[in-house]
Every structure is written in C-alpha cells, then in structure tokens.
Amino acid sequence: MTQEERERLTVELTAIDEYLASAEVFEKLDRVQGFHSMARLTTSNLADFEAHLTPLATPAFAKQLLDAPTAPLSLQYVERLQHLAANYFLSAVPLLELIKLHVDAHYPDPANRTRVQYERGLDISINQYSGHLVVIQLRHFVLHRALPRITMFPGAHHEELATPTIDRRQILADGRVKANLRQLLEQGNSDDLSLSGLIRD
C-alpha cells in the first residue's frame, strides 16, 4: 500500500468515525436498540421475580412463611419480593409507554401496517386484561409512595402453597387512582389481590 493510499484510507476511516459519533447515528441506534434493551431488562426482571417464587411450591418453606410472618426468614423473603416486584413495575410499564410514543411519532397513519399490528397486539395482550390497570397503578405507587405491602396467604394451587398478596385498600387510598380502576377494585369480593397473579398474567 502506498503512502497516498494510506492517507486516503485514514481520511475515510476518520469520516466514518465522525459519522458513527454523530447525533443522527445515536438517534437511529436508540430507535433500534433502545426498546430491545428495555425489553431484555423487563424480561430479566420478570425471570428474577418468578425464580423468587419457586420455593413457595416447597411445603416446608411455605409453612415457615405462613406460621412465622415476623421471623427473619419471612421478612427477608417478603422484602426481596417487594424489590423484585418494584423492578418489574418500573421497567414493564415504561417499556409500553416508550413503545407507544415511538409508534405515535413514527407511524401516525392509522392504516400503517406497523401501527395496525401494534394496536392489535395491544388489544389482545393488554387492553383486554383488567389487571393491567392495577399494574400501572402499582408502578405509580412504587414511584411516588412506597413499595407494595405484601402479605403471605395459604396458596390455592401446588405452584404456590403460600401466595404473596397486596391489599387493594392500599391502592385505593391514593387519591390519584383513576375512576375506571377505582370502580374495578371496589367491585372485588376480597381485599387481597394476588401479586404473583397480576405480574404473571
């Protein structure tokens, strides 16, 4: 390679480096990689939460939690569950919000195929599930008030011999709860809502 060719190559590589460092490229990378990264974070948070639930299928462990709710083992288990649930709320809801902003900004045409697929998927997986409103409110609760207060109750199936629950009255005490969610929560027959059920669903 001649000196002239080396100099030309150096100039080209410099131009490429400058382009890769430009705001235009960073914006494109954010659009392509940002949601994938947020989705991976949410998936990881969900996996950690579900892994922490696994011991609840063990009779001896579940009995310990139920029989001695103020023992160190129970308190540590519940606190870790609070943290993992909060992590999930704080990643899952913003992920959906960010995707909505992205679709609104880049696919404004209601007939656009991407927008149609997005709205159809949202209807199937989110809008038809009333528990999603509770999850959104729990995200607000964690963000602005406190971690959810968790109580362990005897479980109804073999996967959870002790079921972590939250009290709907804790959510209803927040004056910012929207009318549709307030109406939904007030219709319930029990004050105890299965936290694991909300997140897994």
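Participant: Any details on the packing of helix H4 (residues 72-106) against helix H5 (residues 113-127)? Residues and values, ideally.
Facilitator: Contact pair H4 / H5: the axes reach a minimum separation of 10 Å and the direction vectors enclose 155°. With respect to H5, the axis of H4 lies roughly antiparallel. Taken as a pair, H4 and H5 cross one another with a handedness that is left-handed. From H4, Leu96, Ile99, Lys100, Val103 and Asp104 reach across to H5, where they touch Arg115, Tyr118 and Ile126.

Participant: Please give an account of the environment of isoleucine 171 that cites residues and values.
Facilitator: Mapped onto the fold, isoleucine 171 is located in helix H7 (residues 168-172). Between the C-alpha atom of isoleucine 171 and that of glutamate 50, which follows or precedes it by 121 residues, the distance is 23 Å. Aside from chain neighbours lying at most four places away, what touches isoleucine 171 is Val134, Gln137, Leu138, Ile166, Val177, Leu185 and Leu193.

Participant: Please provide a residue-by-residue account of the pairing of strand E1 (residues 150-157), values included.
Facilitator: Examined bridge by bridge, E1 and strand E2 (residues 160-167) share six bridges and lie antiparallel to one another. When the bridges of E2 are listed, methionine 152 appears paired with proline 164. The turn joining E1 and E2, which pair antiparallel and follow one another in sequence, is formed by two residues.

Participant: Report on the nonpolar core, specifying residues and quantitative values.
Facilitator: Ranked by size, the top nonpolar core spans 32 residues in total, and within it Phe49, Leu56, Tyr77, Phe89, Met152 and Leu195 carry the most contacts. Contact partners of leucine 56, with chain neighbours within four places excluded, come to Phe61, Ala62, Leu65, Tyr77, Met152, Glu159, Glu160, Leu161, Ala162 and Pro164.

Participant: How would you explain the sheet that holds strand E3 (residues 192-194) if you had to name every residue and give the values?
Facilitator: Adjacent strands of a sheet pair through backbone hydrogen bonds, lying either parallel or antiparallel. In spatial order, the strands read E1-E2-E3; together these three strands make up an open sheet with antiparallel pairing. Edge positions in the open sheet fall to E1 and E3, since each of these has one partner strand only. The sheet shows a mean angle of 50° between the axes of neighbouring strands, taken without regard to direction. Contacting E1 and E2, H4 crosses the sheet at an angle of about 90° to E1.

Participant: Explain the side chain of arginine 168 residue by residue, including any values.
Facilitator: Tracing the backbone shows arginine 168 in helix H7. Since its relative accessible area comes to 12%, arginine 168 is described here as buried. In this structure the side chain of arginine 168 is engaged in a polar contact, spanning 2.3 Å, whose partner is the backbone oxygen of leucine 185. There is a polar contact of 3.4 Å between the side chain of arginine 168 and the backbone oxygen of serine 190.

Participant: Please set out the confidence of the model for the protein chain residue by residue, giving values where relevant.
Facilitator: Should the pLDDT be low somewhere, the predicted coordinates at that spot are not to be read in detail. Taken over all residues, the pLDDT of the protein chain has a mean of 87, while the share at 70 or more is 100%. Mean pLDDT values over the elements of the protein chain span from 80, in helix H1 (residues 3-20), up to 95, in helix H3 (residues 59-67).

Participant: Would you mind going over the pattern of salt bridges in detail, with residue names and values included?
Facilitator: Applying the stated criterion across every chain yields a total of twelve salt bridges. Across the salt bridge formed by arginine 115 and aspartate 104, the nearest N and O atoms sit 3.0 Å from each other. Of this pair, arginine 115 sits in helix H5 while aspartate 104 sits in helix H4, and the two are eleven residues apart along the sequence. For arginine 115, a relative accessible area of 13% corresponds to the buried category. In this structure, a network of salt bridges that share partners links the residues Glu50, Glu159, Glu160 and Arg200.

The rules behind each value
Residues numbered from 1 in each chain as written. Predicted model: local features only at pLDDT ≥ 70, side-chain atom pairs only at ≥ 80, totals over all residues. Heavy atoms only, no water. Axes fitted to C-alpha atoms, helices over the stretch in contact; angles between N-to-C directions. Helix = DSSP H or I, 4+ residues; strand = E, 2+ residues; numbered from the N terminus. Parallel < 35°, antiparallel > 145°, perpendicular 65-115°, else oblique. Left-handed = near helix turned anticlockwise from the far one by under 90°. Contact = heavy atoms within 4.5 Å. Pairing = 2+ DSSP bridges. Core = buried A, V, L, I, M, F, W, Y, C linked by side-chain atoms within 4.5 Å. Buried < 20%, exposed > 50% of the residue type's maximum accessible area, 1.4 Å probe, protein only. Polar contact = N/O pair within 3.5 Å; in protein donor to acceptor, adjacent residues only side chain to side chain. pLDDT = per-residue confidence, 0-100. Salt bridge = Lys/Arg side-chain N within 4 Å of Asp/Glu carboxyl O.

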